[in-house]
2 protein chains.
Amino acid sequence: MFSNWLYLHPYKKKQVFMKRIFNFSAGPATLPLEVLTEARDEFLDFQGSGMSIIEMSHRGGIFQKVHDESMARLRAVAAIPERFDILYMTGGASTQFALIPMNLARKGGKAGYINTGVWSKKAIEQAKILGVDFVEVASSKDQNHNYIPSPINVPAGLDYVHMTSNNTIYGTQFRTLPNPGDSKLVVDMSSDFLSRPIDWSHIGMAYAGLQKNAGPSGLTVVIIDREYYEREKEETPSMFRYSTFAKEQSLYNTPPTFQIYMFGLVLKWIEKQGGLTAVDAANEKKAKLIYDVIDAHPDFYLGHARKEDRSLMNVTWNLAKQELTDDFLKGTKAASMDGLKGHRSVGGLRASIYNAMPLEGCQALADYMKDFLKKNG
Amino acid sequence: MFSNWLYLHPYKKKQVFMKRIFNFSAGPATLPLEVLTEARDEFLDFQGSGMSIIEMSHRGGIFQKVHDESMARLRAVAAIPERFDILYMTGGASTQFALIPMNLARKGGKAGYINTGVWSKKAIEQAKILGVDFVEVASSKDQNHNYIPSPINVPAGLDYVHMTSNNTIYGTQFRTLPNPGDSKLVVDMSSDFLSRPIDWSHIGMAYAGLQKNAGPSGLTVVIIDREYYEREKEETPSMFRYSTFAKEQSLYNTPPTFQIYMFGLVLKWIEKQGGLTAVDAANEKKAKLIYDVIDAHPDFYLGHARKEDRSLMNVTWNLAKQELTDDFLKGTKAASMDGLKGHRSVGGLRASIYNAMPLEGCQALADYMKDFLKKNG
């Protein structure tokens, strides 16, 4: 990534100034420049078809290939075992919060929820609205969710155990998945999907919107164990059943074709990086640059999350001198950085450094932080 | 639209051959070249922000403006009265088929459905699954849906009357909306949305996916009378209630930002054409080019829909010599046309000529049809 350049405009036939900044937005978020460039270049004529990918029938051969290849590539990249189906849905995690109890809770059964903050709570609320019986198996509420509860004791016989693997707001992340006992985990991976290898052994279902690590907003990827379909209820409408998507390879109705295409490009890019192990190593290196500055100056920069539960995706911190926060943000804009304001529940600052944020972006932020400290420490 | 050109590639720094064909696909469908070009040109750097529109936070100022402007522009272009809210949802018409009975049917009430073929039937099926009481107020099933039932007698006291304004498969279209008596119409406008001015007087709700006349697939526009929200039920999850979207200007969770942006560009393009009256006139002229060839040669080309109920969006016909259909299609490909194969329920041929299909495309097809007849008649 380079922050700006001259672009020879195709039909204006003159050089146009274009810039790129380091975008630390929590999502929708920065995407690989290579992926954006490829999409731009073939936007009017996809593979010599004379049509844009977004103008094509989802039942035509060209799109079908893009669709099937993206699913095959996801299965390979994330090493998804055969027992799972890959589904392309819409409506984001918020819709899954309802679909999970509707489809996975058994009549007379009980579900489990791990509460690590806002997103977990939203999931719990929908189970309540639907009248599903559940138990909160663990919570980090007592300390404004600045840690990951561990170990977790899960009672026997639960229909599923729902959890959020990474919390964007507090900057916490399960570094390993907890053991759900005789049940299986249903994991909201929205904000760390495809950022590291996934251990599928305890997972019954995983889901994520694309808009952090994997593409534009507007597509929800669901990876679900086929054994769950038998729990579906007669009175559930077709579009709210996982089996509907499974039966028709997610082409029961018109899917968001642009997102599926972009997801395929991002998956290719992940392969080129060396797969999820390489991506994880890069993410660790990136996060360390920023956490190291925080840790070196604990009287000036106050990290929110407990060290051992820190997220590699979202770094959250406050300034000891809170009154300097606006100055800090103003300076980042001048230095071609954006999206660093913290979520209102935590305040302060947040750097979202998903897969596509280059090392140079994290380095630029770390340098800026050191510089800011020198001027204001 | 021109069918191909040399494109000065921005970083390969050489001329690249690009082509554009006439794409008669039923949807996702052809989009205005101007819109595609604008989107391409600002794909890496939106309005000097240094970010792509698809990388931006949906809660940031830049996207917020795109979002709000698109809603305001839709209200102006379609002359939507104040009593309606505009909602941006996902999941397509298929999801609405479930949400409508869930949210609009009253306990102990009865809904009405007009059955003009496949899409109406799919809507009816979801009402059945949900156990909603309904009556089929009219049907064109007796003649493979080649006509629009009229006049329609609607019993008093229905919760709503559901109808499909244009049927892509049979090529039929309500040229004016029917009178629903003391009820209101809920209109699936998926395939003729924004193709002509809309008379809102009998409408309680209208909805449409973008992917025919209005943009890429992945966004469902819902235009709903606010009075319906009071019918919502306690046990309905948040994402399945219209009021959730209304309360938060459709930003309750992350929306498909790319589609909203593209929809805004298409609305601007519609304004530039002269608005819906001008678009309607253009559509009438375009359709006439093809229907005239069919009508001039009724022994060779067999139109499917009854003349007075013909769609301006989807022209459907068969060849009297059915065995020539493959030859006909092969020839269209050679002439840079695509997407003309009929739906399996009707067979034969179908030309989808939504707003963005230029007059030249319809002229090219009409010329081809005359030529094909000369060779094979």
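Residues numbered from 1 in each chain as written. Chains lettered and ligands numbered in written order. Predicted model: local features only at pLDDT ≥ 70, side-chain atom pairs only at ≥ 80, totals over all residues. Heavy atoms only, no water.

A. How the structure looks around the domain arrangement of chain A. Residues and elements named next belong to chain A. Here the domain parsing of chain A yields domain 1 (48–271) and domain 2 (276–376). Counting residues at the interface gives 27 residues for domain 1 and 25 residues for domain 2. Summed over both partners, the interface of domain 1 with domain 2 buries about 2100 Å², with 54% contributed by carbon and sulfur atoms. A per-residue breakdown of the area domain 1 buries against domain 2 is headed by Ile-169, Gly-171 and Arg-175, which together make up 23% of the total. Inspection of the domain 1/domain 2 interface yields zero salt bridges. For the pair domain 1 and domain 2, the interface holds 13 residue pairs in polar contact (both at pLDDT 80 or more). Of all the secondary structure elements, the ones that give two or more residues to the side of domain 1 that touches domain 2 are β8 (166–167), β9 (172–173) and α6 (257–273). (Domains from an automatic or database assignment. Contact = heavy atoms within 4.5 Å. Buried area = accessible area lost by both parts, 1.4 Å probe. Salt bridge = Lys/Arg side-chain N within 4 Å of Asp/Glu carboxyl O. Polar contact = N/O pair within 3.5 Å; in protein donor to acceptor, adjacent residues only side chain to side chain. Helix = DSSP H or I, 4+ residues; strand = E, 2+ residues; numbered from the N terminus.)

B. Focus on the sheet that holds strand β13 (residues 301–303) of chain B. Residues and elements named next belong to chain B. Taken in spatial order, the three strands make up an open sheet running β13-β14-β16, and their pairing is antiparallel. Two strands bound the open sheet, and with one partner strand each, they are β13 and β16 (349–352). Within this sheet the neighbouring strands show an average axis-to-axis angle of 30°, counted without direction. Packing against the sheet, helix α7 (residues 275–296) makes contact with β13, β14 (314–319) and β16, and its axis sits at approximately 25° to β14. (Pairing = 2+ DSSP bridges. Axes fitted to C-alpha atoms, helices over the stretch in contact; angles between N-to-C directions.)

C. Highlighting the nonpolar core. If you look at the biggest cluster of nonpolar residues, it comprises 124 residues, and the most contacted ones within it are Leu74(A) and Leu74(B). If we skip the residues at most four places from it in the chain, Leu74(A) touches Ala79(A), Ile80(A), Ile86(A), Phe193(A), Leu194(A), Val221(A), Ile223(A), Phe263(A) and Leu267(A). (Core = buried A, V, L, I, M, F, W, Y, C linked by side-chain atoms within 4.5 Å. Buried < 20%, exposed > 50% of the residue type's maximum accessible area, 1.4 Å probe, protein only.)

D. Spotlight on the packing of aromatic side chains. For the coordinates displayed, the defined rule picks out 31 aromatic pairs over all chains. Taking 6.4 Å as the distance between ring centres and 50° as the angle between the ring planes, the aromatic pair formed by Phe258(B) and Tyr261(B) counts as tilted. Taken as a pair, Phe258(B) and Tyr261(B) lie in helix α6 (residues 257–273) at a separation of three residues, close to a single helical turn. Accessibility expressed as a relative area gives 0% for Phe258(B), which makes it buried. An aromatic cluster of three or more residues is present, and its members are Phe43(A), Phe46(A), Phe258(A), Tyr261(A), Phe43(B), Phe46(B), Phe258(B) and Tyr261(B). Across from the ring centre of Tyr252(A), 5.1 Å away, lies the NZ or CZ of Lys122(B), which sits over that ring. (Phe/Tyr/Trp six-rings, centres within 6.5 Å; stacked < 30°, edge-to-face > 60°. Lys NZ or Arg CZ within 6 Å of the ring centre and 35° of its normal.)

E. Here's a closer look at the packing of helix α8 (residues 325–334) of chain B against helix α9 (residues 359–376) of chain B. Residues and elements named next belong to chain B. Where α8 meets α9, the closest approach of the two axes is 11 Å, and the angle between their N-to-C directions is 135°. For the element pair α8 / α9, the angle class is oblique. Note that α8 runs across α9; the crossing there is right-handed. Here Asp-327, Phe-328, Gly-331 and Thr-332 of α8 lie close against α9, whose contacting residues are Leu-365, Tyr-368, Met-369 and Phe-372. When grouped by side-chain class, the residues that make up the contact of α8 with α9 number five nonpolar, two polar and one charged. (Parallel < 35°, antiparallel > 145°, perpendicular 65-115°, else oblique. Left-handed = near helix turned anticlockwise from the far one by under 90°. Nonpolar A, V, L, I, M, F, W, Y, C, P; charged D, E, K, R; others polar.)

F. Representation of the interface of chain A and chain B. Contact with chain A, which involves 71 residues of that partner, is made by 71 residues of chain B. In total, chain A and chain B occlude about 5700 Å² of area from one another, counting both sides; carbon and sulfur atoms represent 60% of this. Of all residues in chain A, Arg40(A), Leu44(A) and Glu55(A) bury the most surface against chain B, accounting for 12% of the area lost on that side. For the pair chain A and chain B, the number of links is two salt bridges. Glu55(B) is paired through a salt bridge with Arg20(A); the nearest N and O atoms lie 2.7 Å apart. For the interface between chain A and chain B, the tally reads 30 residue pairs in polar contact (both at pLDDT 80 or more). Mapped onto the side of chain A that touches chain B, the elements with two or more residues apiece are β1 (4–8), β2 (15–19), α1 (33–41), α3 (92–104), α4 (118–129) and α6 of chain A. Its residues assigned to classes, the side of chain A that touches chain B comprises 33 nonpolar, 27 polar and 11 charged.

G. Broad picture of the sheet that holds strand β12 (residues 220–225) of chain B. All names here are of chain B. Pairing is mixed in the open sheet, where seven strands are placed in the order β4-β12-β11-β10-β7-β5-β6. This sheet does not close on itself; its edge strands, each paired only once, are β4 (84–89) and β6 (134–139). Between one strand axis and the next, the sheet turns through 20° on average, direction left out of account. Strand direction decides the pairing type here: strand β5 (residues 111–115) and β6, joined by five bridges, are parallel.

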